[in-house]
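# Commentary on secondary and tertiary structure
Letter by letter, the chains look like this.
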Amino acid sequence: MTNALSQMLAARDWILADGATGTNLFNMGLQSGDAPEMWNDEHPDRIELLYKQAVDAGSDLFLTNSFGGNAARLKLHGAQKRARELSRISAEIGREVADRYDRPVIVAGSVGPTGEIMAPMGALTHELAVEIFHEQAEGLKEGGADVLWLETISAPEEYKAAAEAFKLADIPWCGTMSFDTAGRTMMGLTSADMVNMVDKLGNTPLAYGANCGVGASDLLRTVLGFVAQGSERPIIAKGNAGIPKYHDGHIHYDGTPDLMADYAVLARDAGATIIGGCCGTMPEHLSKMREALETRPRGERPTLDQITDALGAFSSAADGTGDDTPAPRRNRRRRA
Ligand SMILES: [Zn+2]
């Protein structure tokens, strides 16, 4: 099966994805507690600008404004009936923006977690999770997304339910998890566990990887963990622009554009193919990342020390797998 992303993956050494959605929308006036997906309908001009800024800064691929656009999340805003519609609009705006450029630009339909705990620990059954993801997937597909993009997942059960839903929608996909708890996902998955899980899926993703989490350093340690498993599947690195710090009443990420440029090159050298940012990553970061990927030659796979020298200390001594050499527990960062 060929589609825009597999063609790009076949033709390119690296692909620059986009940066933050939330941080950029907050800068445009989104209030904390609001559902960003409402803006697809209420302020399409701002969503168009969000996408355009990423592509103008050099992104080859951007995510749609539909992270919380599933019925379970929208229910918190009384909009559970609008999941398919709001997702469709997010992709329609994306399609329009992407098709204006004379280079290929991929529209990736963002699908975030349901926000609920899955059975057996929680109340959300596998069947219902598949239904929720399927509804959103159909909306994104209708709107013209090239691929779906599952992100910030912690539970393997949820990742599997989404994979099944995307098969029902018959659209290729990518999927990342968030390793934010001392090298593991909140539900305890390690980088090695994720590779094993992905390889066993009935409907495998075009690419898999990590997004968000703690800082850029931790994210690259996770990428090295994926690479160590020896899978050929393309790896996604979408790390936050540094560490969140609470400052003057708002959250600020301490990663400079130059730091993210170093991160992008280290991510590529570590073995990632699709490289972008997550929270705190603005267009100015993306421009620097693009420039660095285009101008700096490919290097050796970085060591953990090279990563911390360039990007700062890890948030935890070990990466959660238990068989690495623990880094010294210096500068342990507090979570904001
Ligand atoms: Zn993030």
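Small disclaimer: the values here were computed from a predicted structure and weren't measured.

### Regarding the packing of aromatic side chains
In total, this model carries 5 aromatic pairs according to the counting rule given. Through a chain of ring-to-ring contacts, three or more aromatic side chains come together here, namely Tyr-159, Phe-166 and Trp-173. The side chain of Arg-12 reaches across the aromatic face of Trp-14, ending 4.9 Å from its centre. If you follow Arg-46 out to its NZ or CZ, it ends over the ring of Trp-39, 4.6 Å from the centre.

### Here we look at the UniProt feature "binding site: Zn(2+)" (unreviewed entry) in the protein chain
Mapped onto this numbering, the UniProt entry annotates "binding site: Zn(2+)" (unreviewed entry) at Cys-212, Cys-278 and Cys-279. The greatest C-alpha distance among the annotated residues, which extend across 68 residues, is 6.5 Å, indicating that they converge on a single site. Within the secondary structure, Cys-278 sits in the loop between strand 10 (274–277) and helix 12 (283–295). The exposure class assigned to Cys-278 is buried, which follows from its relative accessible area of 10%. Those residues in contact with Cys-278 that lie beyond four places of it in its chain are Gly-19, Ala-20, Asn-211, Cys-212, Lys-238, Gly-239 and Asn-240. Along the chain, the position of Cys-279 falls in the loop between strand 10 and helix 12. Here Cys-279 falls in the partly exposed class, since its relative accessible area comes to 23%. Excluding residues within four positions of it along the chain, Cys-279 makes contact with Ala-20, Thr-23, Cys-212, Asn-240, Ala-241 and Tyr-253.

### So, the side chain of Asp-18
Along the chain, the position of Asp-18 falls in the loop between strand 1 (15–16) and helix 2 (22–27). Accessibility expressed as a relative area gives 5% for Asp-18, which makes it buried. A polar contact of 2.8 Å, which involves the side chain of Asp-18, links it to the side chain of Lys-238.

### Comments concerning a nonpolar patch on the surface
The grouping of Ile-117, Met-121, Met-186 and Met-187 at the surface amounts to a nonpolar patch, some 450 Å² of accessible area in total. Residue position: Ile-117 is located in the loop between strand 3 (106–111) and helix 7 (126–143).

### With respect to the coordination of the zinc ion
Surrounding the zinc ion are the protein donor atoms Cys-212 (SG), Cys-278 (SG) and Cys-279 (SG), which sit 2.2 to 2.4 Å from the metal. Each donor residue of the zinc ion lies on one chain, and together they are spaced C-x65-C-C.

### Things to note about the sheet that holds strand 10
On the basis of which strands lie adjacent, the open sheet formed by 8 strands has the order 1-10-7-6-5-4-3-2 and parallel pairing. The sheet is open, and its two edges are formed by strand 1 and strand 2 (61–63), each paired on a single side. Where strand 3 and strand 4 (residues 147–153) come together, 4 bridges link them in parallel fashion. Considered in strand 4, the bridge of Val-111 is made with Leu-150. Taken strand by strand, helix 8 (residues 156–169) contacts strand 3, strand 4, strand 5 (173–177) and strand 6 (207–212), and its axis lies near 170° from that of strand 5. Relative to strand 10, helix 11 (residues 257–270) is tilted by about 155°, and along the sheet it contacts strand 7 (235–239) and strand 10.

### A closer look at unusual backbone geometry
Cis geometry is found at the peptide bond from Ala-119 to Pro-120, where omega equals 5°. With a phi angle near 55°, Asp-170 is a residue other than glycine that sits in the positive phi range. Along the chain, the position of Asp-170 falls in the loop between helix 8 and strand 5. A positive phi angle, near 50°, is found at Ala-182, a position not held by glycine. Relative to the helices and strands, Ala-182 is located in the loop between strand 5 and helix 9 (191–199).

### Describing the pattern of salt bridges
Side chains that differ in sign of charge can pair as their charged atoms come close. Tallied over the entire structure, the rule returns 20 salt bridges. Residue Asp-99 pairs with Arg-95 through a salt bridge whose shortest N-O separation is 2.9 Å. Note on Asp-99: relative accessible area 53%, which makes it exposed. Across the salt bridge formed by Asp-199 and Arg-233, the nearest N and O atoms sit 3.1 Å from each other. Of this pair, Asp-199 sits in helix 9 while Arg-233 sits in the loop between helix 10 (216–228) and strand 7, and the two are 34 residues apart along the sequence. Look at Asp-199 and you get partly exposed, because its relative accessible area is 39%.

Rules used throughout
Residues numbered from 1 in each chain as written. Predicted model: local features only at pLDDT ≥ 70, side-chain atom pairs only at ≥ 80, totals over all residues. Heavy atoms only, no water. Phe/Tyr/Trp six-rings, centres within 6.5 Å; stacked < 30°, edge-to-face > 60°. Lys NZ or Arg CZ within 6 Å of the ring centre and 35° of its normal. UniProt positions renumbered as here; feature names shortened; annotations may be inferred. Helix = DSSP H or I, 4+ residues; strand = E, 2+ residues; numbered from the N terminus. Buried < 20%, exposed > 50% of the residue type's maximum accessible area, 1.4 Å probe, protein only. Contact = heavy atoms within 4.5 Å. Polar contact = N/O pair within 3.5 Å; in protein donor to acceptor, adjacent residues only side chain to side chain. Patch = residues over 30% accessible without salt bridge, like charges linked within 9 Å, V, L, I, M, F, W, Y side chains within 5 Å. Areas by Shrake-Rupley, 256 points an atom, 1.4 Å probe, with all protein chains shown as cover. Salt bridge = Lys/Arg side-chain N within 4 Å of Asp/Glu carboxyl O. Donors = N, O, S within 2.8 Å, 3.2 Å for Na, K, Ca; no water. Pairing = 2+ DSSP bridges. Axes fitted to C-alpha atoms, helices over the stretch in contact; angles between N-to-C directions.

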